[in-house]
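Summary of the model geometry
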Amino acid sequence: MQQKRLAFGLLAALAGLVSADESNVTQLTQETFDDFIKGNELVLAEFFAPWCGHCKALAPEYEEAATLLKEKNIQLIKVDCTEESDLCKTHGVEGYPTLKVFRGLENVTPYNGQRKAAGITSYMVKQSLPAVSPLAQDTLEDFKTADNVVLVAYYDASDKASADAFSSVAEELRDSFLFGSINDAEIAKAEGVEFPAVIVYKSFDEGKNIHSASSLDAEAIKEFAKLAAVPLVGEVGPETYSAYMSAGIPLAYIFAETQEERDTLGAALKPVAEKYKGKINFATIDAAAFGAHAGNLNLKTDQFPSFAIQETVKNQKFPFDQDAEITHDAILKFVDDFHNGKIEPSVKSEPIPETQEGPVTVVVAKNYNDIVLDADKDVLIEFYAPWCGHCKALAPKYEELGSKYANSEFKDKVVIAKVDATANDVPDDIQGFPTIKLFPAGDKENPVTYSGSRTIEDLIDFIKENGKYKAAVSAAEEGTEEAAPAATEAAEEQAEEKDDKDEL
């Protein structure tokens, strides 16, 4: 019990960081890795490359988390894959940084948390505890504040149905929340509930939400947790963007350049957010840091404050008139009209090319359906950004791939296409560049995302395996040996040019 109490209070222990010349992150090699993993119950491993920009950004956050977690016997280690390539290959490392949670050598899971110190710490604390922590009067108060959102179930010890339902949710969502249980009716009464019930304790908004039922149901608990865990007016940033995108409901952005203005607008629009809680998420966004993202919502990127709604599932954008003042009444009407289907989505598109020059078909928003969703053709499409280093490295190989199919027996059955996803609204969920998808003929509802090496040979194999026509062409020029890839993945990563507009 004492060990649990110490774990619950971990997130408040933010002092005592080591000096810059010390490290609480242990660097391992092929010779030391297995013994270290076997000798520690819980280990977070980072597989990195010294030249990797993402690894460099992660390093100070990882170090801070290692310091916070050290006293809890949660070890953070790192492996340099440029020096330990065989070890990294053994553990399936394909990109940098790759983070994995080890509970011995046989129990390995991907790390799915945030890449800031607080997020890493919170995630690993959850991994160190049982899916559901049994609580008592002396541990409840610490548990309530152990994370930004915690769930506590109150049910009688004999209520197996409620216990099983809550445990199943805890196992499924343990990466996201802490879960505890109370079987003492007097404690439940003091917390304002009767058996069975679930309380979400949180560090924002009203502080807690209560779910009561005659018997706890797993799906109802998950839905309750999903709604209760999201602030009425949150904040969009690098650590929250993915969660908002995967929430499955529209997201309303409130762009403003100063914290004071974001706070003022957030407070003014909070009643609107409350009206649409569970139907539309509302969040402010720092326009000074991420103003370029306004362009992705078809807003001007130099005029703030501004407001827009993104239908995240269909990737449709609904910008509010930037010449109009953002007030409670104006936004309420706009959101009401959006919810009632009275507003048409804004579509950003480059002009349709007058002629298609070259072997790769150029797709824009206005001809997307005509080309990509052509029921009679297998369509391989690259979603790219002009500034993306990976995309630039791929371009000559992708052009050669297009030439091979354009000059083959499959020229009328297979289309090699590309779309500038920064200049055109596309209906697909694009998380990074380049993203390559195959839309098979006759099955456009189920595109297949490519995740292999960016070589001509591998792309041809992908089309052959996943397309309707099983179309294969020769990867090498006739009479010659196939050339080596123009750039390694490492060189592509080093060449990548950053742009803030998609760094959320």
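Residues numbered from 1 in each chain as written. Predicted model: local features only at pLDDT ≥ 70, side-chain atom pairs only at ≥ 80, totals over all residues. Heavy atoms only, no water.

Under an unreviewed UniProt entry, the name given to the chain is Protein disulfide-isomerase, and the organism recorded is Stachybotrys chlorohalonatus. As stated in UniProt under Function (unreviewed entry), the record for the chain gives "Participates in the folding of proteins containing disulfide bonds, may be involved in glycosylation, prolyl hydroxylation and triglyceride transfer." The annotation that UniProt attaches to the chain under Sequence similarities (unreviewed entry) is "Belongs to the protein disulfide isomerase family." (UniProt positions renumbered as here; feature names shortened; annotations may be inferred.)

Moving on to the overall build of the chain. What the chain contains, in helices and strands, is 17 helices and 20 strands. What you see for the chain is a C-alpha radius of gyration of 26 Å, in line with the 23 Å of a compact globule of 504 residues. The principal-axis extents of the C-alpha atoms in the chain amount to approximately 80 × 65 × 45 Å. Here the chain, with 504 residues, has 48% of them falling under the buried criterion. Considering only intrachain contacts with a sequence separation of at least 6, the fraction spanning at least 24 residues in the chain is 71%. Surface summary for the chain: the accessible area is close to 24,400 Å², and the carbon and sulfur share equals 47%. The average position of the 48 basic charges and that of the 88 acidic charges among the side chains of the chain differ by 3 Å. (Helix = DSSP H or I, 4+ residues; strand = E, 2+ residues; numbered from the N terminus. Rg over C-alpha atoms; globule rule 2.2 N^0.38 Å. Buried < 20%, exposed > 50% of the residue type's maximum accessible area, 1.4 Å probe, protein only. Contact = heavy atoms within 4.5 Å. Areas by Shrake-Rupley, 256 points an atom, 1.4 Å probe, with all protein chains shown as cover. Lys, Arg positive; Asp, Glu negative; His and termini not counted. Charge placed at Lys NZ, Arg CZ, Asp CG, Glu CD.)

So, on to the sheet that holds strand β10 (residues 208–212). The sheet built from five strands is open, its strands ordered β6-β8-β7-β9-β10 with mixed pairing. This sheet does not close on itself; its edge strands, each paired only once, are β6 (133–134) and β10. Note that strand β9 (residues 197–202) and β10 share five bridges and pair antiparallel. Across the sheet, residue Ala197 finds its bridge partner in β10, namely Ser212. Against the sheet, helix α7 (residues 160–173) touches β7 (149–154), β8 (178–182) and β9, its axis set at about 160 degrees to β8. (Pairing = 2+ DSSP bridges. Axes fitted to C-alpha atoms, helices over the stretch in contact; angles between N-to-C directions.)

Per the stated rule, a full pass over the model turns up one disulfide. Paired by a disulfide, Cys81 and Cys88 hold their sulfur atoms 2.0 Å apart. Linking Cys81 and Cys88, the disulfide has an S-S dihedral of approximately -90 degrees and is accordingly described as left-handed. Judged on exposure class, the residue Cys81 and its partner Cys88 are both buried. (Disulfide = S-S within 2.5 Å.)

Counting across every chain of the model gives 17 salt bridges. Among the ionic pairs, Lys226 bridges to Glu223, the shortest N-O distance being 3.6 Å. With Lys226 and Glu223 both in helix α9 (residues 218–228), this residue pair falls three residues apart, about one helical turn. Here the salt bridges do not stand alone but share partners, grouping Glu141, Lys144 and Glu191 into one network. (Salt bridge = Lys/Arg side-chain N within 4 Å of Asp/Glu carboxyl O.)

This part covers the sheet that holds strand β4 (residues 98–102). Reading across the sheet, the five strands line up as β1-β3-β2-β4-β5 and stay open at both edges, with mixed pairing between neighbours. With one partner strand each, in any of the chains shown, β1 (25–27) and β5 (108–110) form the two edges of the open sheet. Averaged over all pairs of adjacent strands, the angle between their axes in this sheet comes to 30 degrees, without regard to strand direction. In this sheet, strand β3 (residues 75–80) lies alongside β1 in parallel orientation, the contact comprising three bridges. Across the sheet, residue Thr26 finds its bridge partner in β3, namely Ile77. Sitting on the sheet, helix α3 (residues 53–70) touches β1, β2 (43–48), β3 and β4, and the angle it makes with β2 is about 165 degrees. Across the sheet, helix α5 (residues 117–128) is in contact with β2, β3, β4 and β5; its angle to β2 comes to roughly 135 degrees.

Turning our eyes to something else, we now look at α7. Every α-helix winds through 3.6 residues per turn, so residues three or four apart in the chain are directed the same way. Taking 1.5 Å per residue as the helical rise, α7 with its 14 residues ought to reach 20 Å, and the 20 Å between its terminal C-alpha atoms agrees with that figure. Taken together, the buried positions of α7 are Ser162, Ala163, Ala165, Phe166, Val169, Ala170 and Leu173. Summarising the axial view, the buried residues of α7 lie within an arc of 165 degrees, below the 170-degree limit, and thus occupy one face. Those residues of α7 that are exposed and angled more than 90 degrees off the buried face are Lys160, Glu171 and Glu172. Among the structural elements, β7, β8, β9 and α9 are those in contact with the buried residues of α7. (Expected span 1.5 Å × (residues − 1). Arc of directions from axis to C-beta.)

Attention now goes to the packing of α3 against α5. Their axes nearest at 8 Å, the elements α3 and α5 cross at an angle of 45 degrees. Accordingly, the angle class assigned to the pair α3 and α5 is oblique. Here α3 and α5 pass one another in a crossing that is right-handed. For the pair α3 and α5, contact is made by Leu58, Glu61, Tyr62, Glu64, Ala65, Leu68 and Leu69 and by Ala117, Ile120, Thr121, Met124 and Val125, respectively. Its residues assigned to classes, the contact of α3 with α5 comprises nine nonpolar, one polar and two charged. (Parallel < 35°, antiparallel > 145°, perpendicular 65-115°, else oblique. Left-handed = near helix turned anticlockwise from the far one by under 90°. Nonpolar A, V, L, I, M, F, W, Y, C, P; charged D, E, K, R; others polar.)

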